[in-house]
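Coordinate inspection notes
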Amino acid sequence: MNEQQPLRVLLVDDERIALKSFANLLESLGNAVPYRASSLEEARQILEEVLIDIAFIDLQLSQDIRNRDGLTLIQELRERYQTVPIVVSGHSQVHEVREAMKLGAEDYVLKTELEQRVSIILNALRRKLELKEELLDLRARGPADTTLGLVGTSVSIQNLRALIQRVATANSQELFPVLIHGPTGSGKELVAQAIHKLGPHPSDPFFDVNCGALAETLIEDQLFGHVRGAFTDAHTDKEGYFTLVRRGTLFLDEVAELSLSLQAKLLRVLETRRFRPVGPTAREQLFQGRIVAATHVDLKERVREKRFREDLFHRLNVLRILVPPLSDHREDIPALVQHFAARQHRPMQFTQRAIEQLSRRPWPGNVRELRNAITRLAILAESESIDVDTLELYLPLESEFSLGGALSDELGQMVRKLLALPVKDRLDAITKAIVLAAVEQARGNNTEAGKVLGRSRKFVERYLKKLAKGGKDSPSEEEDEEDS
Ligand SMILES: Nc1ncnc2c1ncn2[C@@H]1O[C@H](COP(=O)(O)OP(=O)(O)OP(=O)(O)O)[C@@H](O)[C@H]1O
């Protein structure tokens, strides 16, 4: 571990004087930064803001001897953080200490021997972190396994590669469809490309259609093509992907967003291997390629909601591949960081603590969010060396950037779809649709509709009034004051 990086030590004790003298002790030992909490709530708050390495927890966090906050904290540390919990106890608390150890406390120290034991415990932790970092270093320096374009050596990624291999090379005349399921940004498209490259016809085309981003008519035209005269602007014949793909791969991303009418048409193609371009004079053709469909939503749920055809679901679901969220293969994060860093226009060297910190983060937007984070650092960080402070400056833990990944991805897709709608004054139309949907969801209760929108009842009322008068604008921010 980098000697410059002091340990972050959380001290939890309801007695402020004890806290202060413990903090002084730590400061006198050097190379450790104390964070003080006098209650469970304060401790939780600090843990949300700072990556704490070790916590010394007094089990008795209240005058009430039945209080179990210390034990709760130990349990939370074990479940949600990588902080090492150490119990601080009095002589008479044997029973509680035993319970704390069962919950996952790593060690305990008697209040009377704090001075002698604390530096031993901290040095042991430093050594442990050093070894862990050396291991991470070795992994990161070794050649990254990028077989099939997928970086990672975790069991999840190895299983994924094995499954891709089996699916792509299945000994069958027919190119069975494949359904890829996984959260946003997890690598579904990469998997589809790998299936294509390993499949029997890698030199035929790979086409990618985002079913969530285009209007229905555009998707239909892209897939089926048209003949001259099929519609006003159809001056010539145009071949669609079903033709152009030959024996290659047609990747239908966000397949759950396909309209019901296109779902019916796709089903027919899958069942008969035949399709007809748009236009009355079009002749039926043969589809020879493979459909690889991807989704991040639960298609069975969509079937239950009657938004996705059950017969199409079963057709697609013959060969299914699950792509894991990044949180299921954190051990690949060091290699992924090096992989994305190597692709930047400037050199970047991550300190071991920075890599370790990146490995602990939640990454709700998965590998894409990690990739974007590295790009962001490449643009913003001044120095070649990226340490924990640089991360905290440019990728703060609670930032919208780090936590909004999945959300902003989904929103982005919806917005692209909305913007493709053939509607005049799109912004007004979209606002109107959202407000009316909120009112409908709230069954006409404007206060509830306001809550759904994150606005006040008055905002909703004014908006509806303006709509009734034929006005299109939403009420201004100033008009959106809280209800009294
Ligand atoms: N295991 C991996 N190794 C290397 N790069 C990866 C890996 N997984 C994902 N990526 C990269 O992460 C980014 C997002 O991946 P991809 O577009 O395949 O995700 P997706 O699941 O299709 O996303 P969406 O649901 O938004 O369509 C891409 O740049 C991809 O190359």
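The text that follows walks through the structure, step by step, so that each part is easy to find. Treat the numbers as computed from the prediction; the structure is a model and nothing was measured.

**Considerations on empty space enclosed by the protein**
Taken as a whole and judged by the stated rule, the model has two cavities of 30 Å³ or more. Computed from the structure, the largest cavity encloses a volume of approximately 80 Å³. Every residue lining the largest cavity is listed: Arg8, Leu51, Asp53, Arg353, Glu356, Gln357, Arg360 and Val388. Residue contributions to the lining of the largest cavity peak at four residues, all from helix α14 (residues 352–360). Residues that form the lining of the largest cavity fall into these classes: two nonpolar, one polar and five charged. Here the second largest cavity defines a volume of roughly 60 Å³. Around the second largest cavity sit Leu175, Ile195, His196, Gly199, Pro200, His201, Pro202, Arg247, Gly248, Thr249 and Arg290, which together line it. Split by residue class, the lining of the second largest cavity holds four nonpolar, five polar and two charged.

**Observations regarding the site of the ligand**
Lining the immediate environment of the ligand, one finds 19 residues, of which Val151, Gly185, Lys188, Arg368 and Arg371 sit closest. In this structure, an oxygen atom belonging to the ligand sits 3.1 Å away from a side-chain N or O atom of Thr184. Arg371 is positioned with one of its side-chain polar atoms (N or O) 2.5 Å from an oxygen atom of the ligand. In isolation the ligand offers 630 Å² of accessible surface; the protein chains occlude 90% of this area.

**A short note on the environment of Ala234**
Tracing the backbone shows Ala234 in the loop between β8 (225–226) and β9 (238–239). Residue classification places Ala234 among the buried positions, given a relative accessible area of 5%. Between the alpha carbons of Ala234 and Gly279 there is a distance of 9.4 Å; along the sequence they are 45 residues apart. Among all residues touching Ala234, those that are not within four sequence positions of it are His226, Val227, Arg228 and Gly229.

**As for the environment of Asn24**
Relative to the assigned elements, Asn24 resides in helix α1 (residues 16–29). For Asn24 and Pro34, which are ten residues apart along the polypeptide, the C-alpha to C-alpha distance reads 8.7 Å.

**Some thoughts on the sheet that holds strand β7 (residues 206–210)**
The sheet built from five strands is open, its strands ordered β7-β10-β13-β6-β14 with parallel pairing. Every other strand in the sheet has two partners, leaving β7 and β14 (319–322) as the edge strands with one partner each. Between one strand axis and the next, the sheet turns through 20° on average, direction left out of account. Here five bridges tie β7 to strand β10 (residues 249–253), and the two strands are oriented parallel to one another. Note that in β10 the partner of Phe206 across the bridge is Thr249. Its contacts with the sheet place helix α8 (residues 216–224) against β7 and β10, and it is angled at close to 170° to β7.

**Regarding the sheet that holds strand β2 (residues 32–37)**
Read from one edge of the open sheet, five strands run β2-β1-β3-β4-β5, paired in parallel fashion. The open sheet has two edge strands, β2 and β5 (107–110), and neither has a second partner. Each strand of the sheet is rotated relative to its neighbour by a mean of 25°, with strand direction disregarded. Bridge analysis of strand β4 (residues 84–89) against β5 gives four bridges, and the strand direction is parallel. Across the sheet, Ile86 pairs through a bridge with Asp107, a residue of β5. Sitting on the sheet, α1 is in contact with β1 (7–12), β2, β3 (54–58) and β4, with an inclination near 170° to β2.

Cut-offs used in this document
Residues numbered from 1 in each chain as written. Predicted model: local features only at pLDDT ≥ 70, side-chain atom pairs only at ≥ 80, totals over all residues. Heavy atoms only, no water. 1 Å grid on protein atoms, 1.4 Å probe; cavity = no way out; pocket = protein on both sides within 12 Å on 5 of 7 lines; lining within 4 Å. Points joined across faces, edges and corners; volume = space filled by probe spheres on them. Helix = DSSP H or I, 4+ residues; strand = E, 2+ residues; numbered from the N terminus. Nonpolar A, V, L, I, M, F, W, Y, C, P; charged D, E, K, R; others polar. Near = heavy atom within 4 Å. Polar contact = N/O pair within 3.5 Å; in protein donor to acceptor, adjacent residues only side chain to side chain. Areas by Shrake-Rupley, 256 points an atom, 1.4 Å probe, with all protein chains shown as cover. Buried < 20%, exposed > 50% of the residue type's maximum accessible area, 1.4 Å probe, protein only. Contact = heavy atoms within 4.5 Å. Pairing = 2+ DSSP bridges. Axes fitted to C-alpha atoms, helices over the stretch in contact; angles between N-to-C directions.

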